[in-house]
Amino acid sequence: MTVSRALRSLRRGLLGLLGLQVGLAIALSLVDSYRRRGKKPKPFPVTRPETVAVGEGEITTYTFGRDLYDDMLAAIDGAKKQVLFETYIWKGDEIGWKFKTALTAAAERGVDVHCIYDGFANVVVSPAFKRFAPSLKVLRYPVWTAGLRFWDLRRYGRDHRKMLVVDEEVAFLGGYNIGSAYATEWRDTHVRITGPGVWDVERAFADFWNLNRRHRIKRDERPLLLQTASDWDPQIRIHRNVPRQWNFPIRSMYLEAINRASRNIWITTAYFLPDQDFVDSLVEAARRDVDVRILLPLKSNHIVADWISRGYYGQLLAAGVRILRFRDAMVHAKTATIDGSWATVGTANIDRLSLQGNYEINLEVIDPDFAAAMERVFETDQSNCLELTLDEWEARDLNRKFTESFLAPLRPLL
């Protein structure tokens, strides 16, 4: 009986501790939300769209939402055969309506238009906005994806991908969601692809559609069949995380590139919550004199993620990793460039949810010209950053140290 009581007490204690941690996280989020009310981000430096020839196609890099949206809408307006559109967040605001109107117009002139959006990410969007014309084929990825198989971890991933494919000729992918704030207030990165790489993006869309087509708003069990070429471009690869298949190659892509680095590793990420093996790879790279820089928001839109991510700063700074904090606006990009030859742009953050949880898609490019373009983007962003030094980090007050340590157990959930 004594052992039984002890176990019950231990369980209650652990649950109580977890409750306090979750309560603190909620309180921090509410206070941060209140402080942000009415505040607008300040202007930030951006890099103009730049196009680089890679293999048999081209890649254009976007760092300002308005430039990207103009080209995406132009591609939809010019579509003749097919549009495949997928997004995580699709706001029912001015920009959201522009995309909805353009997609509907394309469908009504005979273009085959398929749309996918994540139900959970758009819970707060008006139901009126989520009513679509019959000419559109729409898949709403459900809020609850596990059904009765609540024990199956493969069914809990969100659809965090953002991409557009038009007429098998051009594809867009990257970190930008669809909404007015993202057009001018957030710093993100997207790419436009032509050439053989488009077919891989198209296949990624079709595979997700066919895996989840039972969630169509208007039921239709017919699969999306594509007649795409099978040419391979050795300089471009598309990596897809697919939770249902327990397949997460994006993390492996990052680790392999980091472990091969000999000159520099420049990473930009919205949220930095890696596992310890990922941190160890960065630390080891810095110790072999690789220039390792991590650029992330000074204050992100998720304050709890900010607090938890700081638990890694001490070991990174001690090893010589530079931590650069983007000022005055939310940096939401998910990019990296290594050794002047390797680069990635995509939807996956460096956190557990993206690397081992959600549906994600990243472009990997091995090309010196594209890597140079991504380095120029990084240098522009760095000009708007405050660098965190080891002395500054070690001098932080006791309250901050306690909050970081107290919230650290929540790290595996994010």
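Just so we're clear, the structure is a prediction, and the values are computed from it rather than from any experiment.

### Some words on the packing of helix α2 (residues 65-77) against helix α3 (residues 94-108)
Closest axis-to-axis distance for the α2/α3 pair is 9 Å, and the angle between their directions is 15°. Looking at the two axes, α2 sits roughly parallel to α3. Read as a crossing pair, α2 and α3 show a hand that is left-handed. Between α2, through Tyr69, Met72, Leu73, Ile76 and Asp77, and α3, the contact on the second element is made entirely by Ile95, Lys98, Phe99, Ala102, Leu103 and Ala106. Tallied by class, residues from the contact of α2 with α3 come to nine nonpolar, no polar and two charged.

### Observations regarding the packing of aromatic side chains
In total, this model carries 23 aromatic pairs according to the counting rule given. Consider the rings of Phe44 and Phe64, whose centres lie 6.4 Å apart with planes at 65°: the pair is edge-to-face. With a gap of 20 residues between them, Phe44 in the loop between α1 (2-36) and β1 (50-54) and Phe64 in the loop between β2 (57-62) and α2 connect regions that are remote in the sequence. Accessibility assignment for this pair places Phe44 and Phe64 in one class, buried. Note on Phe85 and Trp90: the rings are 5.0 Å apart at their centroids and 70° apart in plane angle, and the pair reads as edge-to-face. For the pair formed by Phe85 and Trp90, the shared burial category is buried. Sitting over the face of the ring of Phe129, Lys100 holds its NZ or CZ atom 4.9 Å from the ring centroid. The cationic tip of Lys100 hangs over the ring face of Phe132; the distance from NZ or CZ to the ring centre is 4.9 Å.

### Looking at the sheet that holds strand β5 (residues 137-141)
Across the sheet, which stays open at both edges, the eight strands sit in the order β1-β2-β9-β7-β6-β3-β4-β5 with mixed pairing between neighbours. Two strands lie at the open edges of the sheet, namely β1 and β5, each paired on one side alone. With direction set aside, neighbouring strand axes in the sheet form an average angle of 10°. Pairing analysis gives five bridges linking β1 to β2, with the strands arranged antiparallel. The partner of Thr51 across the bridge, within β2, is Thr60.

### A few points about the UniProt feature "domain: PLD phosphodiesterase" (unreviewed entry) in the protein chain
When the UniProt feature table is mapped onto this chain numbering, "domain: PLD phosphodiesterase" (unreviewed entry) sits at residues 155-182 and 327-354. As a span, residues 155-182 carries 11% helix and 32% strand, and end to end its C-alpha atoms are 29 Å apart.

### Things to note about helix α6 (residues 249-260)
Its 12 residues place the ends of α6 17 Å apart at the C-alpha level, agreeing with the 16 Å of an ideal helix rising 1.5 Å per residue. Among all positions in α6, only Ile250, Arg251, Met253, Tyr254, Leu255, Ala257 and Ile258 are buried.

### Here we look at the nonpolar core
Here is a general trend for soluble globular proteins: nonpolar side chains tend to be buried in one another's company. Among the nonpolar cores identified, the biggest contains 41 residues, and Tyr69, Val83, Trp90, Phe99, Leu103 and Val113 are the most heavily contacted of them. Contributing elements (two or more residues each) for this core: α2, β3 (82-87), α3, β4 (112-118), β6 (163-166), β7 (170-174) and α4 (180-184).

### Thoughts on the sheet that holds strand β13 (residues 291-297)
If you walk across this open sheet you meet the eight strands as β10-β19-β17-β16-β11-β13-β14-β20, and the pairing is mixed. The open sheet has two free edges, formed respectively by β10 (236-241) and β20 (385-388), since each of these has just one partner strand. Strand-to-strand, the axes of this sheet are offset by a mean angle of 15°, without reference to chain direction. Pairing analysis gives four bridges linking strand β16 (residues 335-338) to strand β17 (residues 342-346), with the strands arranged antiparallel. Each residue of the ladder has a partner; that of Thr335, found in β17, is Val345.

### Regarding the pattern of salt bridges
Under the counting rule described, the total for this entry stands at 14 salt bridges. Glu50 is paired through a salt bridge with Arg376; the nearest N and O atoms lie 2.4 Å apart. Taken together, the positions of Glu50 in strand β1 and Arg376 in helix α11 (residues 368-382) put the pair 326 residues apart, joining distant regions of the chain. Exposure remark for Arg376: the relative accessible area of 38% places this residue in the partly exposed category. In this structure, Arg293 and Asp291 form a salt bridge, with 2.8 Å as the shortest nitrogen-oxygen distance. For Arg293, a relative accessible area of 13% corresponds to the buried category. Because the salt bridges share partners, they merge into one network encompassing Glu86, Asp159 and Arg161.

About the criteria used
- Residues numbered from 1 in each chain as written.
- Predicted model: local features only at pLDDT ≥ 70, side-chain atom pairs only at ≥ 80, totals over all residues.
- Heavy atoms only, no water.
- Axes fitted to C-alpha atoms, helices over the stretch in contact; angles between N-to-C directions.
- Helix = DSSP H or I, 4+ residues; strand = E, 2+ residues; numbered from the N terminus.
- Parallel < 35°, antiparallel > 145°, perpendicular 65-115°, else oblique.
- Left-handed = near helix turned anticlockwise from the far one by under 90°.
- Contact = heavy atoms within 4.5 Å.
- Nonpolar A, V, L, I, M, F, W, Y, C, P; charged D, E, K, R; others polar.
- Phe/Tyr/Trp six-rings, centres within 6.5 Å; stacked < 30°, edge-to-face > 60°.
- Buried < 20%, exposed > 50% of the residue type's maximum accessible area, 1.4 Å probe, protein only.
- Lys NZ or Arg CZ within 6 Å of the ring centre and 35° of its normal.
- Pairing = 2+ DSSP bridges.
- UniProt positions renumbered as here; feature names shortened; annotations may be inferred.
- Expected span 1.5 Å × (residues − 1).
- Core = buried A, V, L, I, M, F, W, Y, C linked by side-chain atoms within 4.5 Å.
- Salt bridge = Lys/Arg side-chain N within 4 Å of Asp/Glu carboxyl O.

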